[in-house]
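# Close look at the chain arrangement
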Amino acid sequence: MKKKLVYLLSAITLSSVSLPAFSADAPIRWKLAETWPKGLPIYSEGTHEFAERVKELSDGRLIITIDSANKHKAPLGIFDFVKSGQYEMGHSASYYWKGKDVNTLFFTTMPFGMITAERFAWYYYGGGAELAQKVYGQYGITQYPGGNGGNQMGGWFKKEINSLEDIKSLKMRIPGFAGEVMAKVGATVVNIPPGELYTALERNTIDSLEWVEPAMDLRMGFHKIAPYYYTSWHEPGSGLQYMVNDKAFNELPKDLQSILKTAMKESAFEISTRMTHEHSENWEKIKQEYPNIEIKTFPPEVMDALKAANQELIADLEAQGGLTAEIIQSQREYLRKVRNWTSISDKAYLNN
Ligand code: CA
């Protein structure tokens, strides 16, 4: 009898205490799958900071757990995970889904395309977000910018490239659309898993490769065996992405939707900024350790051939019409306009 009274009293006490309406609810728990291995600097660290930020901003009402590639075993399965709802969110790069839908290609980077600032401007103000919605909406996914790695280096080469003939005898690891461009000008293009790249380069299975930029390149060690570091043409501003399952998002209270979007935008800024920082730090280290590394740019005849091959491949895609042509035309027109500005501002300044 006494025990029963205690229960009754505690129930009364609890119900009479004034607490915010949500505190009685259990937190909403989401899972995010990322392409990256656990602990990958900047990218994986960035997604973990994002999850912490969502927890903090939502006062613990939305908890996001992150599964890295080591856990889910499918680094290139993120699109399907988010589409099916197995994971509410993902962090990856849009061009990995080209084989599923060619229109996803354009939301990471394109050879001779926009640099980072230009791409962000196109996405937020130049129609990019609306076009991404048309592409990803078909799959019940919304994608948001998830950081940008900046202007990627053209790669590490064991031999100097002095002519188009040199490209024709080149065996290079360069994936994606840029690989198609390189193949069109005569290079032998191969794809090799990241873990085997160093050995392949060391044993001359390949004589060049592109990876990222110093922030990611330093730990790969390519500079120890390939002395020529070429400047970019193929990934002038590689954007990462957050993907969110639409059904899960629509079930969130409005304020949590807003918190999620804000935290993704903040994360994109954090990752982009940290990439710039780490590129400069790591390039300093590479130069100190290996002062004989030479920075090279392809000679004009090679650049011209790459530009022509790129234009032909883009024209083939544009000929497909529909949404593909719409995205290509949007990017082309935006680049024309924004580059006019970049040329008389940053480019002119840097040429001083
Ligand atoms: Ca790359």
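In what follows, the structure referred to is the one given above.
Figured I'd write up the structure that's included with this text. (Residues numbered from 1 in each chain as written. Predicted model: local features only at pLDDT ≥ 70, side-chain atom pairs only at ≥ 80, totals over all residues. Heavy atoms only, no water.)

## Here's the deal with helix H5 (residues 116-125)
Since the α-helix turns once every 3.6 residues, residues separated by three or four places project in the same direction. Put simply, the rule reads: Only protein chains enter the accessibility calculation, which uses a 1.4 Å probe. A residue is then buried if its area is under 20% of the maximum for its type, exposed if over 50%, and partly exposed in between. Each helix is a run of DSSP H or I of at least 4 residues and each strand a run of E of at least 2, with the numbering of both proceeding from the N terminus. Two residues qualify as a contact provided that any one of their heavy atoms is within 4.5 Å of a heavy atom in the partner residue.
Buried within H5 are the following residues: Thr116, Glu118, Arg119, Ala121, Trp122 and Tyr123. In the core, the buried residues of H5 are packed alongside helix H6 (128-136), strand S4 (141-148) and helix H14 (322-350). Residue Gly127 follows H5 closely and has a positive phi angle near 100°.

## Observations regarding the pairing of strand S3 (residues 89-92)
Keep this limit in mind: When DSSP finds two or more bridges between two strands, those strands count as paired.
Burial along S3 is two-sided: the residues Met89 and His91 and Gly90 and Ser92 are all buried. As defined by bridge partners, S3 adjoins strand S10 (residues 239-245) across 4 bridges and the pair is classed as antiparallel. Bridge pairing links Gly90 to Met243 in S10.

## Focus on the nonpolar core
The test is simple: Residues belong to one nonpolar core when they are buried, are Ala, Val, Leu, Ile, Met, Phe, Trp, Tyr or Cys, and are joined through side-chain atoms within 4.5 Å.
In this structure, Ile167, Met182, Trp233, Phe298 and Leu306 are the most contacted members of the largest nonpolar core, which totals 50 residues. Of all elements in the fold, only helix H4 (78-84), H5, H6, helix H8 (176-184), strand S9 (228-230), helix H13 (300-318) and H14 reach the threshold of two or more residues within this core. For Phe298, the contacting residues outside a window of four places in its chain are Phe157, Ile161, Ile167, Met182, Tyr230, Trp233, Met303 and Leu306. Judged by nonpolar contacts, the second largest core, of 27 residues, contains Val212, Phe222, Leu240 and Ile271.

## As for the packing of aromatic side chains
Put simply, the rule is: The aromatic pairing rule takes the rings of Phe, Tyr and Trp, using the six-membered ring of Trp, and pairs them if the centres are within 6.5 Å, calling planes under 30 degrees apart stacked, those over 60 edge-to-face and the rest tilted. In this analysis the charged atom, NZ for Lys or CZ for Arg, is taken to sit over a ring once it is within 6 Å of the ring centre and within 35 degrees of the ring normal.
Under the defined criterion, the tally for this structure stands at 17 aromatic pairs. Consider the rings of Phe112 and Trp233, whose centres lie 5.7 Å apart with planes at 40°: the pair is tilted. Taken together, the positions of Phe112 in the loop between S3 and H5 and Trp233 in the loop between S9 and S10 put the pair 121 residues apart, joining distant regions of the chain. Consider the rings of Phe120 and Tyr124, whose centres lie 6.4 Å apart with planes at 15°: the pair is stacked. Separated by 4 residues within a single helix, Phe120 and Tyr124 lie in helix H5, roughly one turn from each other. Judged by relative accessible area, which is 32%, Tyr124 ranks as partly exposed. Taking the ring centre of Tyr124 as reference, the NZ or CZ of Lys265 above it sits at 4.7 Å.

## A closer look at the coordination of the calcium ion
Ideal geometry at a metal centre gives angles of 109.5 degrees when four donors are arranged tetrahedrally and 90 or 180 degrees when six donors are arranged octahedrally. Going by this rule: A 2.8 Å cut-off from the metal defines N, O and S donors, relaxed to 3.2 Å for Na, K and Ca; water is not in the atom list, so some sites may appear incomplete.
Bound to the calcium ion on the protein side are Gln152 (OE1), Glu210 (OE), Glu210 (OE), Trp211 (O) and Glu235 (OE), at distances that span 2.2 to 3.0 Å. Read in sequence order, the donor residues coordinating the calcium ion give the pattern Q-x57-E-W-x23-E. Taken together, the residues span a long stretch of sequence, with Trp211 in the loop between strand S8 (208-209) and helix H10 (214-217) and Glu235 in the loop between S9 and S10 at a distance of 24 residues.

## Some details on the pairing of S4
Burial analysis of S4 places 8 of its 8 residues in the buried class, which makes it a mostly covered element. With 6 bridges joining them, S4 and S10 adopt antiparallel strand pairing. Across the sheet, the residue bridging to Asn148 is Gly239, located in S10.

## Topic: the environment of Gly140
The residue Gly140 is located in the loop between H6 and S4 in this model. Judged by its relative accessible area of 24%, Gly140 falls in the partly exposed class. As for Gly140 and Lys296, which are separated by 156 residues in sequence, their C-alpha atoms are 44 Å apart. Those residues in contact with Gly140 that lie beyond four places of it in its chain are Val244, Asn245 and Asp246.

## Considerations on the sheet that holds strand S2 (residues 62-67)
Put simply, the test is: Angular values range over 0 to 180 degrees, each being the angle between N-to-C directions of two axes fitted as lines to C-alpha atoms, with helices fitted over their stretch in contact.
The sheet built from 5 strands is open, its strands ordered S2-S1-S3-S10-S4 with mixed pairing. Two strands close off the open sheet at either side, each with one partner strand: S2 and S4. Between one strand and the next, the sheet's axes are offset by a mean angle of 25°, whatever the strand orientation. As paired elements, strand S1 (residues 28-34) and S3 share 3 bridges and run parallel to each other. Residue pairing for S3: Glu34 is matched across the bridge by His91. Against the sheet, helix H12 (residues 254-289) engages S1, S2, S3, S4 and S10, with an angle of about 30° to S4.

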